[in-house]
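# A look at the structure
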Amino acid sequence: MLKKIKTEDLVLGMYFCGFEAAWLDHPFWKNKFLLKNEADLKQAHASGIAHCWIDPERGLDVTEPAAQADQTDDAGQAPVQVEPLAELPPGPDIDTTLLDAMALRENAKKATKAMFSEARLGKALDMERCVSVVEEITGAVLQSPNGTLSVLRLKLADEYTYLHSVAVCALMVALGRTLGLDEKACREAGLGGFLHDVGKAFLSHELLNKPGRLTEEEFTQIKKHPELGYKYLSQDPNVPDYARDVCLHHHEKMDGQGYPESLRSGQISLYARMAAICDVYDALTSDRPYKRAWDPAEAISSMASWTGHFDRAMFLAFVKTLGIYPVGSIVKLESGRSGFVIRQNAQDLTRPVLKVFRYNDDMEMSDTEILDLMATPDADTIVARGGEEWARLSHLDTMQLLSTGTPD
């Protein structure tokens, strides 16, 4: 049973379970912990957030003498009243965008699993369900691109095959928005992204999830998935031509060195060029059995150096979509602190909004705050990408986004 109390009534020894506000607005990295640090208590009191939640079964209760030694103030008033609730219902102070995105993520994952299962069994694609999922993703991305993309890119290694399709769909919609495509075209791009890897349904799980380096023969098998997917989608007259084209050509390169048809720049369709970028970015920034995920900023930097791979103008639009330091990146600051990118500033992609911190050898966070580098340009500045730190702290983006949910 959690209790909602005034933040000013927090004391050391209480088990803190979250503020009545979005995670981005409060000063802590963790959403649930035993309050035993005086600095954390001062940060909570100085947060400006009126209410928070505690778990009296795991820490002090506000009405216990140890938690509130003086039960009355100078005016002889009674102790603060608390409001017990079994769970916290989303209200106007809760960031419901991320909660909605989490629900969308689970729904889309189920739909993708069903799609792959149908393909393996030789059943016709449930296009109505696929289109419905893409419609949901498109609406979410167009309404709140940063929050939606942040959630949809989170995936465990064993979820990759399914959530990769979902993430590429969302990235395609977001890129289409930056390119100035209308909503209909964004939906088309999203559907192409959602279906682009369906050919992997016909490859063995062991091959797709091999932890080591692929042999030449195994890579040859992997490279068949565009054609396998195209063949499967071509059996269904309800699948649009553009979606089949994305499935077949998302591994083509502008210099003609891609597969399966070695197409060159002008021969590759708009949506397939978009998919080539979105597919690689999500693959690089995802955990796989054979590699750890790359820091998003490191992935963008590396992709920018690949001559002849991507449509250059389109890649620059992709960078504009995600930012030079995409949400989820970790950067190093001139002050010696590190920063976790939580939001972009469209006016200047080099100065995003950060959750800054210091940490010790035990990976304990301190000195945390929200810092908008655009609004306070003299407060600090980014001096380097923090890829090696991101490798150590890569659990943070998952932890923080999930911490916006309802306390349990």
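Refer to the structure above for everything that follows.
The present account deals with the structure reproduced in this document. (Residues numbered from 1 in each chain as written. Predicted model: local features only at pLDDT ≥ 70, side-chain atom pairs only at ≥ 80, totals over all residues. Heavy atoms only, no water.)

### A short note on the environment of Glu-118
Along the chain, the position of Glu-118 falls in helix H2 (residues 96-120). Taking relative accessible area as the criterion, Glu-118 reaches 18% and is therefore assigned buried. For the pair Glu-118 and Ala-201, spaced 83 residues apart in sequence, the C-alpha separation works out to 9.0 Å. Contact partners of Glu-118, with chain neighbours within four places excluded, come to Lys-123, Ala-124, Leu-125, Asp-126 and Tyr-232. (Helix = DSSP H or I, 4+ residues; strand = E, 2+ residues; numbered from the N terminus. Buried < 20%, exposed > 50% of the residue type's maximum accessible area, 1.4 Å probe, protein only. Contact = heavy atoms within 4.5 Å.)

### Describing the layout of surface pockets
What the largest pocket holds in volume is close to 930 Å³. Leu-214, Phe-219, Ile-222, Tyr-259 and Tyr-290 are, among the 31 residues lining the largest pocket, the residues nearest its centre. Elements supplying a minimum of two residues to the lining of the largest pocket: helix H5 (160-178), helix H7 (205-208), helix H8 (216-222) and helix H11 (270-284). Per element, the largest residue contribution to the lining of the largest pocket is five residues, and it comes from H11. (1 Å grid on protein atoms, 1.4 Å probe; cavity = no way out; pocket = protein on both sides within 12 Å on 5 of 7 lines; lining within 4 Å. Points joined across faces, edges and corners; volume = space filled by probe spheres on them.)

### What about the nonpolar core?
Ranked by size, the top nonpolar core spans 60 residues in total, and within it Leu-125, Ile-137, Phe-194, Leu-195 and Phe-318 carry the most contacts. Top contributing element to this core by residue count: H5, with 11 residues. Membership of the second largest hydrophobic core comes to 14 residues, among which are Ile-5, Phe-19, Leu-35 and Val-62. (Core = buried A, V, L, I, M, F, W, Y, C linked by side-chain atoms within 4.5 Å.)

### Some details on the pattern of salt bridges
Where charged atoms from two side chains of opposite charge approach closely, those side chains can pair. Applying the stated criterion to the full structure yields 14 salt bridges. The salt bridge partner of Glu-135 is Arg-187, with a shortest N-O separation of 3.3 Å. Residue Glu-135 is found in helix H3 (residues 127-143), and its partner Arg-187 is found in helix H6 (residues 183-195); the two are separated by 52 residues along the sequence. Residue class for Arg-187 comes out partly exposed when judged on its relative accessible area of 25%. A salt bridge links Glu-218 to Lys-210; the shortest N-O distance between them is 2.6 Å. Ionic contacts of the salt-bridge type, sharing partners, join the residues Arg-105, Glu-106 and Lys-109 into one network. (Salt bridge = Lys/Arg side-chain N within 4 Å of Asp/Glu carboxyl O.)

### Describing the packing of aromatic side chains
Throughout the structure, instances matching the rule amount to eight aromatic pairs. Measuring from centroid to centroid gives 5.7 Å for Tyr-242 and Tyr-271, while their planes differ by 75°, and the two rings are edge-to-face. Here Tyr-242, found in helix H10 (residues 241-249), pairs with Tyr-271, found in helix H11; they are 29 residues apart in sequence, far enough to count as distant. The class of Tyr-242 is partly exposed, set by a relative accessible area of 25%. Put simply, the rings of Phe-16, Phe-19 and Phe-33 pair up and form one aromatic cluster. When the ring centre of Tyr-259 is taken as reference, the NZ or CZ atom of Lys-223 above it lies at 5.2 Å. (Phe/Tyr/Trp six-rings, centres within 6.5 Å; stacked < 30°, edge-to-face > 60°. Lys NZ or Arg CZ within 6 Å of the ring centre and 35° of its normal.)

### Some details on the state of the cysteines
One pass over the full model with this rule turns up zero disulfides. Free cysteine: Cys-278, not disulfide-bonded; nearest cysteine sulfur from Cys-169 at 9.9 Å. On the accessibility criterion, Cys-278 (0% relative accessible area) is buried. (Disulfide = S-S within 2.5 Å.)

### Focus: the pairing of strand E8 (residues 353-359)
In terms of burial, E8 is largely enclosed, as five of its seven residues are buried. Across five bridges, the pairing between strand E7 (residues 338-343) and E8 is antiparallel. Bridging from a neighbouring strand, Gly-339 pairs with Val-356 of E8. (Pairing = 2+ DSSP bridges.)

### Focus: the environment of Val-173
Among the structural elements, Val-173 can be located in helix H5. Judged by its relative accessible area of 0%, Val-173 is buried. Spatially, the C-alpha atom of Val-173 lies 9.3 Å from that of Gly-139, the residues being 34 residues apart in sequence. Non-local contacts of Val-173, meaning those with residues more than four positions away in its chain, are made with Thr-138, Val-141, Leu-142, Cys-186 and Gly-190.

Function cannot be inferred from these measures alone, as they are strictly geometric.
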